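Fold and contact review
As a plain string of letters, each chain reads:
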Amino acid sequence: MIRFSLVCENSHEFESWFASNDSYDFQIENDLVSCPHCNVTKVSKAVMAPAVARKKRTAAAPVKQNVALLGESDRELRTMAHELHAKIVAATVDVGAEFPTEARRIHDGAAPVRPIRGQASLEEARDLMEEGVSILPMPILPEDRG
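If you're wondering where the values come from, they're calculated on a predicted model, not measured in any experiment.

With that settled, the discussion passes to the packing of aromatic side chains. A complete count under the given rule lists 3 aromatic pairs for this structure. An angle of 40 degrees between the planes, with centres 5.8 Å apart, marks the rings of F4 and F18 as tilted. Here F4 is found in strand β1 (residues 2-8), whereas its partner F18 is found in strand β2 (residues 13-18), with 14 residues between them in sequence. Here F4 matches F18 in class, with each residue buried. One aromatic cluster is present, formed by F4, F18 and Y24 through successive ring pairs. Just above the ring of F4 sits the side chain of K45; from NZ or CZ to the centre is 4.2 Å.

What follows is the structure in structure tokens.
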């Protein structure tokens, strides 16, 4: 996986991960990348410092995820989130805790290609992305939290 610093035509800066340079090029050419701040699809790479490898992995700061606070007045956005969640569930097979293993098998051609969903730890998800397996985090809806 490759992380790029990106900037939209409105000068909003953000980061995104891509499986490869070719994946980045394809997504940019097909307007599949949009600014999380203003949703424009005129996006390009921003200037970024090179990554420097460390010898020993130390306790890193927790990885932060994008979150949103939606009030009752944002009912349309909540409805859209529920509809997207329902479409993902309807279009995928739940493989549960076997997700990392099954995703690798599909990626390696050892299992039939099909859309799946399941559970993976942050470390397992990170390992899959580093191996080039294209996964998508699936948000938990507020009412589904235990």
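Remark: a regular strand shows side chains that alternate across the two faces of the sheet. As paired elements, β1 and β2 share 6 bridges and run antiparallel to each other. Considered in β2, the bridge of V7 is made with E13. The hairpin formed by β1 and β2 contains 4 residues between the paired strands, and S11 there has a positive phi angle of roughly 70 degrees.

Another aspect to go through is the environment of S5. Residue placement: S5 occurs in strand β1. Considered as a pair, S5 and E15 are 10 residues apart in the sequence and their alpha carbons are 4.5 Å apart.

What follows is about helix α3 (residues 99-107). Of the positions making up α3, those classed as buried are F99, P100, E102, A103 and I106. Down the axis of α3, the buried side of the element spans an arc of 170 degrees, and every buried residue falls inside it. One or two residues past the end of α3 sits G109, with phi positive at roughly 85 degrees.

With that out of the way, let us pick up the sheet that holds β1. The strand order β2-β1-β3 describes an open sheet built from 3 strands, whose pairing is antiparallel. A strand with exactly one partner marks an edge of an open sheet, and here the two such strands are β2 and β3 (43-45). Pairs of neighbouring strands in the sheet enclose a mean axial angle of 45 degrees, with direction left out of account. The pairing of β1 with β3 spans 3 bridges and is antiparallel. Within β3, the position partnered with V7 by the bridge is S44.

Here we come to the environment of M138. Relative to the elements of secondary structure, M138 occurs in the segment after α4 (122-130). Aside from chain neighbours lying at most four places away, what touches M138 is H85, I88, V89 and R117.

About the criteria used
- Residues numbered from 1 in each chain as written.
- Predicted model: local features only at pLDDT ≥ 70, side-chain atom pairs only at ≥ 80, totals over all residues.
- Heavy atoms only, no water.
- Phe/Tyr/Trp six-rings, centres within 6.5 Å; stacked < 30°, edge-to-face > 60°.
- Helix = DSSP H or I, 4+ residues; strand = E, 2+ residues; numbered from the N terminus.
- Buried < 20%, exposed > 50% of the residue type's maximum accessible area, 1.4 Å probe, protein only.
- Lys NZ or Arg CZ within 6 Å of the ring centre and 35° of its normal.
- Pairing = 2+ DSSP bridges.
- Arc of directions from axis to C-beta.
- Axes fitted to C-alpha atoms, helices over the stretch in contact; angles between N-to-C directions.
- Contact = heavy atoms within 4.5 Å.

Distances and angles like these do not, on their own, reveal function.
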